[in-house]
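Residues per chain, in single letters:
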2 protein chains.
Amino acid sequence: MAVRTLEESAERLLSFDELRAQLRAVGEERYHHKHPFHLLMHEGRLSREQLQAWALNRYYYQSMIPIKDAIILSRGTDPEFRRAWRKRVIDHDGDAASEGGIKRWLKLAEATGLEPDQVRAGTGILPATRFAVNEYLNIVRSRSLLEAVASSLTELFSRDLISLRMEKLRQHYPWLSGGLDYFEARLTQAPEDAHYAVNYVYENAKTRGQQELAIQALRDKCDILWAQLDALYFAYVQPGWPPPGAFRI
Amino acid sequence: MAVRTLEESAERLLSFDELRAQLRAVGEERYHHKHPFHLLMHEGRLSREQLQAWALNRYYYQSMIPIKDAIILSRGTDPEFRRAWRKRVIDHDGDAASEGGIKRWLKLAEATGLEPDQVRAGTGILPATRFAVNEYLNIVRSRSLLEAVASSLTELFSRDLISLRMEKLRQHYPWLSGGLDYFEARLTQAPEDAHYAVNYVYENAKTRGQQELAIQALRDKCDILWAQLDALYFAYVQPGWPPPGAFRI
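The present account deals with the structure reproduced in this document. (Residues numbered from 1 in each chain as written. Chains lettered and ligands numbered in written order. Predicted model: local features only at pLDDT ≥ 70, side-chain atom pairs only at ≥ 80, totals over all residues.)

### A word on the overall build of chain A
Looking only at helices and strands, one finds twelve helices and zero strands in chain A. Walking chain A from its N terminus toward its C terminus, one meets helices and strands in the order α-α-α-α-α-α-α-α-α-α-α-α. Computed over its C-alpha atoms, the radius of gyration of chain A comes to 19 Å, within 12% of the 18 Å expected for a compact globule of 249 residues. Each of the 249 residues in chain A was classed as buried or not, and the buried ones make up 41%. Considering only contacts in chain A between residues 6 or more positions apart, those separated by 24 or more positions represent 79%. (Helix = DSSP H or I, 4+ residues; strand = E, 2+ residues; numbered from the N terminus. Rg over C-alpha atoms; globule rule 2.2 N^0.38 Å. Buried ≥ 20, exposed ≤ 12 C-beta atoms within 10 Å, placed from the backbone. Contact = placed C-beta atoms within 7 Å.)

Okay, structure coming up:
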């Protein structure tokens, strides 16, 4: 009987609150707010050069976000969905009223002392950055639209991390303070986007199996963010440790 | 005039020997024979557990090789080419006469003390391994067939590394000696495959620009191998350093 009950519970659709709680639990375990590279950053223990390496590498991630969102846009058959999702492309690429997230990230990189042209060209970024970010494109291309949308749900967690980061960057690296427009804008954009996406996932996951696939997509996205910081830490800080969930010796 | 001469030399098609020399130079700079993880391995300084982590993670690479080759096969419009290339799928997946490279790698993993089923399932592999290997699939899918073929040319360098590795594994880790069939087979397979591929690249790169794209594909493939060892080193050894060609601080 116990087995039967387990099976039933495995098949039962999660309520909105349960789904949201499970998504939040993924963030608690795997989101990169816990990564030692960020901990060092928030303690003021990174050098200007280490922040340059971060800004340079993460630019590749930033530059691929609107491409990622355009792939999702291209897969949406519902005009309502596309009208909602295209906001993200505009947020990053800009319009007449706003310079957009990519340019704002370039300003941050410039505030670290990098040349914007060098950052835009991507010279010297870690191959591991490219591989991790390209995996994000693989996921939104090759999995279901539901999973592609769910993979954006790290935005559920980003507001808290960004608030903390802005405070700590201003405190420990005051020379960076002029470059924080990117984070300022994300403080409102990310929660709006997460709100839409979490509702989309709840409404479009029709079985428990689909809900589990959505949760897994968020786990995989967290791994993509985490691996980018691992690569930075390994290349520019030290020493090493395995990421969450990996083989341990 | 000097500029003119430079431009002319940039446009001039490389001879077979020049092309081969440039490909070899890529290997000298970037192939993973120089990676500190391999150096430790060859000095007998890895533990059984570290060799387990290596065998487990590299199994993911091995398991994707015939898929990578099947993608290349699917892109070849010439039956002659496909007849030559399909050998690679058979080498890894096996046939009536041979168990194939994937099963041989499982035997190696088993010799380290891992359960073959765990290895096959991929539980606990580093996300960075998956991202790097998946990038290899991206390359053979999205670039020209010429570049896809050229990305296999790390086989130009693998015989020397495998010979050395077999000697060192037997010397330092004698308990692994029963698991070396994979490497034994590659000693003859890899040079045959490299011979075919380097000729293919020479004959099908019709401009200097195409030759440069082929050389770049090999560079990118080397980065894929290197990043896999970085991830292992960072997770299971220490401390860190940036890979060749990356931003330095």
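Anyway, onward from the coordinates.
### Details of the environment of B:Gly94
Residue and element names in this part refer to chain B. Position of Gly94 relative to the elements: it lies in the loop between helix H5 (79-93) and helix H6 (101-112). Here Gly94 falls in the partly exposed class, since 16 other C-beta atoms lie within 10 Å of it. Separated by ten residues in sequence, Gly94 and Ala84 have C-alpha atoms that sit 16 Å apart. Each residue touching Gly94, except ones within four places of it in the same chain, is listed here: Glu99, Gly100 and Lys103.

### Some points on the nonpolar core
Membership of the largest hydrophobic core comes to 115 residues, with the highest contact counts inside it found for A:Leu218, A:Leu232, B:Leu218 and B:Leu232. Here B:Leu232 is in contact with B:Phe37, B:Ala53, B:Trp54 and B:Asn57, once residues within four sequence places are set aside. (Core = buried A, V, L, I, M, F, W, Y, C linked by C-beta atoms within 7 Å.)

### A short note on the packing of helix H4 (residues 48-75) of chain A against helix H5 (residues 79-93) of chain A
Residues and elements named next belong to chain A. Where H4 meets H5, the closest approach of the two axes is 9 Å, and the angle between their N-to-C directions is 165°. Comparing the axis directions of H4 and H5 gives the class roughly antiparallel. In the packing of H4 onto H5, the handedness of the crossing is left-handed. Contacts from Ile65, Pro66, Asp69, Ala70, Ile72 and Leu73 in H4 reach Arg82, Trp85, Arg86, Arg88, Val89, His92 and Asp93 in H5. By residue class, the composition of the contact of H4 with H5 is seven nonpolar, one polar and five charged. (Axes fitted to C-alpha atoms, helices over the stretch in contact; angles between N-to-C directions. Parallel < 35°, antiparallel > 145°, perpendicular 65-115°, else oblique. Left-handed = near helix turned anticlockwise from the far one by under 90°. Nonpolar A, V, L, I, M, F, W, Y, C, P; charged D, E, K, R; others polar.)

### Description of the environment of B:Gly113
Residues and elements named next belong to chain B. Topologically, Gly113 is positioned in the loop between H6 and helix H7 (116-121). Once the C-alpha coordinates of Gly113 and Ser142 are considered, the two residues, 29 residues apart in sequence, prove to be 38 Å apart. Apart from residues no more than four positions distant in its own chain, Gly113 is found in contact with Arg48 and Gln52.

### What to know about helix H10 (residues 155-172) of chain A
Relative to the 26 Å expected for 18 residues at 1.5 Å per residue, H10(A) spans 25 Å between its end C-alpha atoms, a close match to the ideal helical length. Those residues of H10(A) that are buried are in contact with helix H2 (16-30) and helix H11 (181-204) of chain A. (Expected span 1.5 Å × (residues − 1).)

As far as function goes, none of this settles anything; it's purely spatial.
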